[in-house]
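Take a look at the letters that make up each chain.
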Amino acid sequence: MPTARAFWVREPGAGEIRPVTLPAPGPDEVLVRTRFSGVSRGTETLVFSGRVPASQYTVMRAPFQEGDFPGPVKYGYLNVGQLDDGRWVFCLYPHQTAYVVPAGAVHVLPDGVPPTRAVLAGTVETAVNALWDATPRVGDRVTVVGAGMVGCCVARLAAGFPGVHVQLVDVDRKRETVAGALGVEFATPDTADRRRDLVIHASATSEGLQCALDLLAPEGTVVELSWYGDRPVSVGLGGAFHSGRLTIRGSQVGTVAHPRRTFVERMALALELLRDPAFDALIAGESRFDDLPDVFAAGDLPALCHLITYSGE
């Protein structure tokens, strides 16, 4: 039987590489050899540190997760590999050198989407879903708070709406370079424009959520994309929240936020959108698969996508 290797969170704060025996692919299955995977810093850091609330153990399961929270658990969902016929595919699979899945679980990369950029497909899919929830209108003033992977993807897509002015807000002034590559304006919280029609929050901090509320115009909406794990969130609702009739709306990729689209159609759209070379600005840093236990343990992953490379075994 063919073998592979997989990254597991052995226990909170500790990871390891484990051997895997692969089954022979059935008639409706495919063998994928991983070439690249991406680390989604926010969610995967919470999983690695054992900070998934017990109430969310079922909701937060990844499509091909093995084990259970807080560990041992095999977790991840940004995987790009090749089939035996050479085609490149994306799959919501954890960090593993090779795997067998139903043929319907892989998505062939469109022409013009390089494999390294394709690791962002799951994140762009989240951004698509967020904008379906947010429903920006022509000419809206839109702010995205939090210039991580998700926030940057949302900002790039929102900037494509006619007449929409997008401002990307983050406390890290170094993100101005990334904002420029994405074609959107950058601001820090103290310089951000006010009276915004729509604010999408993706900083995963109480301060960021408070900033998002403070930037809204009356009757405006914050779409909350952050996932906080077991961390409490505190915001002040004693100011303009009630008098301004403000709204906070949650958005989560586990539900398709479009009544006439399926999960498959949403992912296909995300991959088509990745023809845009501007998304290359979101690949920040690179490590080998064998180094994953140390990469996570070091705790200094960039807020953008960290690329994991595989040796071709």
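Overview of the structure. (Residues numbered from 1 in each chain as written. Predicted model: local features only at pLDDT ≥ 70, side-chain atom pairs only at ≥ 80, totals over all residues. Heavy atoms only, no water.)

### Some points on the overall build of the protein
And then number 1: When its secondary structure is counted, the protein shows 9 helices and 17 strands.
And then number 2: In terms of C-alpha radius of gyration, the protein reaches 20 Å, essentially the compact-globule figure of 20 Å for 313 residues.
And then number 3: By principal-axis analysis of the C-alpha atoms, the protein measures approximately 65 × 40 × 35 Å.
And then number 4: When the 313 residues of the protein are sorted by exposure, 52% land in the buried category.
And then number 5: Sequence separation of at least 24 residues holds for 64% of the intrachain contacts in the protein that already meet a minimum separation of 6.
And then number 6: Working note: accessible area of the protein is about 13700 Å², and carbon and sulfur atoms make up 52% of it. (Helix = DSSP H or I, 4+ residues; strand = E, 2+ residues; numbered from the N terminus. Rg over C-alpha atoms; globule rule 2.2 N^0.38 Å. Buried < 20%, exposed > 50% of the residue type's maximum accessible area, 1.4 Å probe, protein only. Contact = heavy atoms within 4.5 Å. Areas by Shrake-Rupley, 256 points an atom, 1.4 Å probe, with all protein chains shown as cover.)

### Quick word on the state of the cysteines
And then number 1: With the rule as written, the count across this model stands at 0 disulfides.
And then number 2: Note on Cys152: no disulfide assigned, nearest cysteine sulfur contributed by Cys153 at a separation of 7.1 Å.
And then number 3: Given a relative accessible area of 0%, Cys153 falls into the buried group. (Disulfide = S-S within 2.5 Å.)

### Some details on the sheet that holds strand β13 (residues 196-201)
And then number 1: Reading across from one edge, β12-β11-β10-β13-β14-β15 is the order of the 6 strands in this open sheet, with parallel pairing throughout. The open sheet has two free edges, formed respectively by β12 (185-187) and β15 (247-250), since each of these has just one partner strand. Within this sheet the neighbouring strands show an average axis-to-axis angle of 25°, counted without direction.
And then number 2: Looking at chain direction, strand β14 (residues 216-224) and β15 are connected through 4 bridges and run parallel. Along β15, the bridge assignment pairs Val223 with Arg249. (Pairing = 2+ DSSP bridges. Axes fitted to C-alpha atoms, helices over the stretch in contact; angles between N-to-C directions.)

### A word on the pairing of β14
And then number 1: Both β13 and β14 contribute to a ladder of 5 bridges, which runs parallel. Its bridge partner being in β14, Leu198 is matched across the sheet by Thr221.
And then number 2: In the classification by handedness, the crossover that spans β13, the intervening helix α6 (residues 206-214) and the parallel β14 is right-handed. (Right-handed = clockwise from strand over helix to strand, strands pointing away.)

### Quick look at the environment of Arg141
And then number 1: Note that Arg141 resides in strand β10 (residues 141-145).
And then number 2: Given the relative accessible area of 35%, Arg141 is considered partly exposed.
And then number 3: On a C-alpha basis, the gap between Arg141 and Pro302 in space is 28 Å, while along the polypeptide they are 161 residues apart.
And then number 4: Dropping the residues within four chain positions of it, Arg141 is found in contact with His165, Arg195, Arg196, Asp197, Leu198 and Ala217.

### So, α6
And then number 1: When we look at burial in α6, the residues that qualify are Ser206, Gly208, Leu209, Cys211, Ala212 and Leu213.
And then number 2: Contacts made by the buried residues of α6 are with β10, β13, β14, α7 (240-243) and β15.

### Observations concerning the pattern of salt bridges
And then number 1: The full count for this structure, using the stated rule, is 19 salt bridges.
And then number 2: The partner of Asp280 in a salt bridge is Arg117, with the nearest N and O atoms 2.8 Å apart. Taken together, the residues Asp280 in the loop between α8 (263-273) and β16 (283-288) and Arg117 in helix α2 (residues 115-118) connect sequence positions 163 residues apart.
And then number 3: By relative accessible area, which is 6% here, Arg117 ends up buried.
And then number 4: We note a salt bridge from Asp290 to Arg288, for which the minimum N-O separation is 3.7 Å.
And then number 5: With a relative accessible area of 36%, Asp290 lands in the partly exposed category.
And then number 6: Among the charged side chains, a salt-bridge network with shared partners connects Arg5, Arg288, Asp290 and Asp291. (Salt bridge = Lys/Arg side-chain N within 4 Å of Asp/Glu carboxyl O.)

### Focus on the packing of aromatic side chains
And then number 1: Counting across every chain of the model gives 9 aromatic pairs.
And then number 2: Ring plane angle 55° and centroid distance 5.7 Å describe the contact between Phe69 and Tyr75, whose orientation is recorded as tilted. Like Tyr75, Phe69 is buried.
And then number 3: Within the aromatic cluster, the residues linked to one another by ring pairs are Tyr57, Phe69, Tyr75 and Tyr77.
And then number 4: Here Arg18 stacks its cationic end above the ring of Trp8, 4.6 Å away from the centre of that ring. (Phe/Tyr/Trp six-rings, centres within 6.5 Å; stacked < 30°, edge-to-face > 60°. Lys NZ or Arg CZ within 6 Å of the ring centre and 35° of its normal.)

### Some words on the side chain of His306
And then number 1: Relative to the helices and strands, His306 is located in strand β17 (residues 305-309).
And then number 2: Here His306 is in contact with Ser37, Gly38, Val39, Ala284, Gly285, Glu286, Ser287, Val295 and Leu301, once residues within four sequence places are set aside.

### Describing helix α4 (residues 149-158)
And then number 1: Across the 10 residues of α4, 8 count as buried, placing the element largely inside the fold.
And then number 2: Within the span of α4, buried status applies to Met149, Gly151, Cys152, Cys153, Val154, Ala155, Leu157 and Ala158.

### Points about the nonpolar core
And then number 1: Counting residues in hydrophobic clusters, the biggest one holds 70 residues, and the most contacted among them are Val124, Ile200 and Leu282.
And then number 2: Per element, the largest residue contribution to this core is 8 residues, and it comes from helix α3 (residues 121-134).
And then number 3: Of all hydrophobic cores here, the second largest spans 15 residues; its members include Val169, Ala212, Leu213 and Phe241. (Core = buried A, V, L, I, M, F, W, Y, C linked by side-chain atoms within 4.5 Å.)

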